[in-house]
Each structure stands twice: as C-alpha cells, then as structure tokens.
Amino acid sequence: MARLLIIGALTAELGLAARMASAKGARLAQAEGVSSGLERLRAEGADLVLCEVTHDIGWLVEQLAAERIACSVIACGRNADAAAAVRAIRAGAKEFLPLPPDAELIAAMLAAAAGETEAPVHRDPAMAALLGRAAQLAVAQASILITGESGTGKEVLARHIHRSSKRAQGPFVALNCAALPEALLESELFGHEKGAFSGAVAARRGKFEQADGGTLLLDEIGEMDPRLQAKILRVIQEREVDRLGGGAPVKVDVRLLAATNRDLAAEVQAGRFRADLYFRLNVLSLHIPPLRERPLDILALSAHFARRFAEANGLPVRALSPMAEALLLSHPWPGNVRELENTLHRAVLLAQGPAIGPEAVELTPLPPPAVAAVEAKPGAAAPAAKGVGGLVGRKVGEVERDLILETLSHCLGNRTRAAEILGISIRTLRNKLHEYRAQGVAVPAAHPAMPWAMEG
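Each value, and the rule that gives it
Residues numbered from 1 in each chain as written. Predicted model: local features only at pLDDT ≥ 70, side-chain atom pairs only at ≥ 80, totals over all residues. Heavy atoms only, no water. Helix = DSSP H or I, 4+ residues; strand = E, 2+ residues; numbered from the N terminus. Buried < 20%, exposed > 50% of the residue type's maximum accessible area, 1.4 Å probe, protein only. Salt bridge = Lys/Arg side-chain N within 4 Å of Asp/Glu carboxyl O. Contact = heavy atoms within 4.5 Å. Phe/Tyr/Trp six-rings, centres within 6.5 Å; stacked < 30°, edge-to-face > 60°. Lys NZ or Arg CZ within 6 Å of the ring centre and 35° of its normal. Core = buried A, V, L, I, M, F, W, Y, C linked by side-chain atoms within 4.5 Å. Pairing = 2+ DSSP bridges. Axes fitted to C-alpha atoms, helices over the stretch in contact; angles between N-to-C directions.

Undergrad: Tell me about the environment of Ile-426, and please be specific about residues and values.
TA: Within the secondary structure, Ile-426 is located in helix α19 (residues 426-438). On the basis of relative accessible area, Ile-426 is assigned to the buried category, the value being 6%. Each C-alpha atom, one on Ile-426 and one on Cys-177, is 10.0 Å from the other, the two residues being 249 residues apart in sequence.

Undergrad: Could you give an account of the pattern of salt bridges, naming the residues involved and the relevant values?
TA: Under the definition given, this model contains 24 salt bridges. Here Glu-186 makes a salt bridge to Arg-227, at a shortest N to O gap of 2.8 Å. Residue Glu-186 is found in helix α8 (residues 182-190), and its partner Arg-227 is found in helix α10 (residues 226-238); the two are separated by 41 residues along the sequence. In this structure Glu-186 comes out as buried when scored by relative accessible area, which is 9%. Arg-262 serves as the salt-bridge partner of Glu-223, at 3.1 Å between the closest nitrogen and oxygen. Taken together, the residues Glu-223 in the loop between β8 (215-219) and α10 and Arg-262 in the loop between β11 (255-260) and α11 (264-269) connect sequence positions 39 residues apart. With a relative accessible area of 28%, Glu-223 lands in the partly exposed category. The network of salt bridges with shared partners includes Glu-193, Arg-205, Glu-209 and Arg-243.

Undergrad: Can you break down the side chain of Ser-187 residue by residue, with the values?
TA: Relative to the helices and strands, Ser-187 is located in helix α8. When sequence neighbours within four positions are dropped, the list of residues in contact with Ser-187 reads Glu-67, Arg-68, His-192, Phe-197, Arg-204, Gly-206 and Leu-244.

Undergrad: Explain the environment of Thr-215 residue by residue, including any values.
TA: Considering the arrangement of structural elements, one finds Thr-215 in strand β8. For Thr-215, a relative accessible area of 1% corresponds to the buried category. Ignoring any residue separated from it by four or fewer positions in sequence, one finds Thr-215 in contact with His-162, Arg-167, Pro-171, Phe-172, Val-173, Val-254, Arg-255 and Leu-257.

Undergrad: Please set out the packing of aromatic side chains residue by residue, giving values where relevant.
TA: Enumeration over the complete set of coordinates arrives at three aromatic pairs. On the basis of an interplanar angle of 5 degrees and a centroid distance of 6.0 Å, the ring pair of Phe-190 and Phe-208 is categorised as stacked. Residue Phe-190 is located in helix α8, and its partner Phe-208 is located in helix α9 (residues 207-210); the two are separated by 18 residues in the primary sequence. The same class applies to Phe-190 and to Phe-208, which are both buried. Positioned over the ring face of Phe-309 is Arg-308, at 5.2 Å from the centre of the ring.

Undergrad: Talk me through the side chain of Ser-321; I want residue IDs and the actual numbers.
TA: Looking at the secondary structure, you find Ser-321 in the loop between β13 (319-320) and α14 (322-330). For Ser-321, a relative accessible area of 15% puts it in the buried group. Apart from the residues lying within four places of it in its own chain, the contact partners of Ser-321 are Ala-355, Ile-356, Gly-357 and Pro-358.

Undergrad: Can you break down the nonpolar core residue by residue, with the values?
TA: Leu-189, Phe-208, Leu-218 and Ile-232 are the most contacted members of the largest nonpolar core, which has 31 residues in total. For this core, the secondary structure elements donating two or more residues are β7 (172-176), α8, β8, α10, β11, α11 and α12 (275-281). In terms of residue count, the dominant contributor to this core is α10 (five residues). Once residues lying within four places of it in the same chain are set aside, the contact partners of Phe-208 are Leu-189, Phe-190, Leu-216, Ile-232, Val-235, Val-241, Val-252, Val-254 and Leu-256. In this structure, Val-49, Ile-57, Ile-69 and Ala-85 belong to the second largest nonpolar core, which totals 23 residues.

Undergrad: Describe in detail the sheet that holds β11, supporting the description with residues and values.
TA: Pairing is parallel across the open sheet formed by five strands, whose spatial order is β7-β8-β11-β6-β12. In the strand order of this sheet, the two ends are held by β7 and β12 (284-287), each with one partner. Sheet twist, expressed as the average angle between the axes of neighbouring strands with direction ignored, equals 20 degrees. Note: β8 against β11, four bridges, orientation parallel. Counterpart to Leu-218 in the pairing with β11 is Ala-258. Helix α6 (residues 125-138) contacts β6 (144-147), β11 and β12 of the sheet and is inclined by roughly 160 degrees relative to β12. Running at roughly 150 degrees to β6, helix α7 (residues 154-163) makes contact with β6, β7, β8, β11 and β12 of the sheet.

Below, the structure is given as structure tokens:
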C-alpha cells in the first residue's frame, strides 16, 4: 500500500480525494500545514505528499531537499486556479492534481508512487513455478535476494512476497539504491539526528525505522557504495540502526528483501561487493526469467496493460488484433515487462478503431545483428564495415547521445525505464541529460498521460 501524506484540511474536495485514495488501498496520514507535515515526514516517512496549493509548497520542497528527505510532492487545487498551479510547479511540486478529484487519476498517482498492488499477471509455467516458490518462501523471516534482468518485475514480486507474508499488515518500504547520491542514500536508509549535517534541523527516521514490523526492499543493491554495504551488514547482524549524528542505536524489526540485475557473485569476485553481505542477503533466492523465456506471459500481460491504460486515460478498452499479437510475440523484449508496458501504453494512446492493430504497436528498435553479436561476445573482433557502416565516421559521444535520446523517446520520457533498457544507472542517465541540455540539445519530456514517470 502506498503511504500518502495529505497536507490540508480533510473537508470538501480534499476529503473526497482522501477517501478515494483510501479506497485504492493507500495508507493515509494528514497534517494541517507544511510545518506539521514536515514533522510527520521526519517521524514516519511517506511515498507521496499531496499538498493544497494554498500552503507554502516551495518552503516544503526546500526543507525536504535540505534535510535529505526523498519524497515527491504533488500540489492540488481547483482547475480554475491556474496561476497557483503554475507557482506550485515552479516551486518544485512534481505535478498538479486538479480538484474535484478524479478517482482514476488518483489511482495512477498512487500506482506510480508505490507500484502495483495486484498479484503478478502470468500465464507461463516458468512464472507459475516461480510464484509457487515465492509463496513457499514468503512465510519465512529470512532475507531474500531477487535477481533478474532490468524490467522483469523484481519490485512487483517483492510486494507480492510481502502481501503473502506474516508481515502483510506491516509497512512495505522500497528504496532504489541507484537513484540517490551516496550522502542522500545514507540519510534515507538510516535517518539522522538534529544537527547531523547542514540542514538537519530535526531528527528523522530512515527507511529501516519506517519499515519496522514490515518489509524493506533495497532495489538495485548492486549499485551501493561499499561503505554503505558495511553499514547494511551491521543492521542485519545487530538488528539496530545508527542514525547519522546519533549517540545510541535504534532497534528495528525488519525483513530485508534485496533486488539486483547484476551477478552479485561475480561482483564479489571482482571486489565490488562485500562477500559477507552477499551471503547474508542470499539466504533465500528467487530468479525472475526474462520475458523472452516465458512467451505465454506476453499476451497475458499485453491484455492487462491495454485494459489498465485504457481505463486510466478514459479510453475504450480495445482487444489486440491477431496481427498485433503476432507482432508482440515476434519481438525479443530486451527491456522485458517494462518495455512491454511502455509499448502497450503507446499502443492504447495511438490505437484507432475497434481493436489495437499493428500500426499502433511501436517497438523499441533493436541493434543491428552484427553489432549485437559483438556486444554478446566481449573481446570479439569487430565485424566488417557492412554491419556498422552507418556508424563509421561518427564520434562515440554522438552515437551514445542518439541512443540515449531515442530510448528515452520510446519510453515516453520515463527516465527510470530508459535507464533500465540502456543498462545504466538513473544517476548516469540524469548526468548525461544535464550535459545534453547544456549543449542545447532537446531532451524528450515525459508524456502528458504519465507525468509521474518523469525523473529529474
């Protein structure tokens, strides 16, 4: 369940928004103003903040940044108050939610903040076997290492495990270790005391404390700095955390799930990941096969995404035509379920007529076979110029830039998913995009139908 903090009086339209969010499964907290809201964020954390435009959103966003609290703020207000909406966005709000609220818009907002709450969609025997093993392991208390390529659905599986566990009534807290700078990640994980650093004007509970009695997912843990790996190991061993600037440890009761698209055993051999932490995390393990190895899931997931995005965008629910299905089945899906989800989102928005036809299915371009062969065999000799003729004479930086921007365009501006398809961290992608903007290059923005996909 998404943890939603609402700042404002729960009367009239904002109260209706709160009831809609609660009906969608959100765990609600409320504060009358931004000061009391900040106090609740320090103590309890949240996945998302919904704040009335009548409050000082700019001050709240500045305080969150100063205190290293990573939480998106969505402004809300009446459609007629366009000037207030613009001020809120300029002040740092992630998006604007018009009032009176729309139930489907709130559902999409919560789904983007905390992931889907439904059971994993599947039809292939390989995935059925995996979910059977997951159900068996869910009742245990030991750590689980979830592995798989980018976009296979590791966080969806982690949430499914939490809902099937004895901790289902406790919180589920997820943190992407690759999405935050090291200093911010440390504060997010362990919390801090007042005065721990410049901007720490009050004590704040970190993700471990927020997940007390429940489950904590550390996504992309293979990206974590070795110094923080040592601190994670201590939390697992001692069941206590040391806040930044703290004088005494704080006991926590958390089940830890970790996810990665890296081969952690190879990372240990290369000296980039601590062996002792690897063995602590890998008490139990689950590996999600890539989508190309579970073909029966392709059409099941496609129908699911087509229905979801049609409902979210107020469009008629259309079935896929046989030709569109054949096109989807013929694609290797290097970006896995995330790529399929993006493809179906585009198809729903582009489709015309009674069914989703092949003309609405825009697949992510694949690398030329000769180039793919070299990538599959590091160290292999370069192919003949025929396979890469279009690249000869171009600078590596230009080719990289075009690949990044084209992938981002096909992901409808979604930074996180583009980074996963490209096989780079979100931090690296953001740095590249900042560099391109500085050069005067146009960078694709998030599609208007999915504004919460925008990352930086």
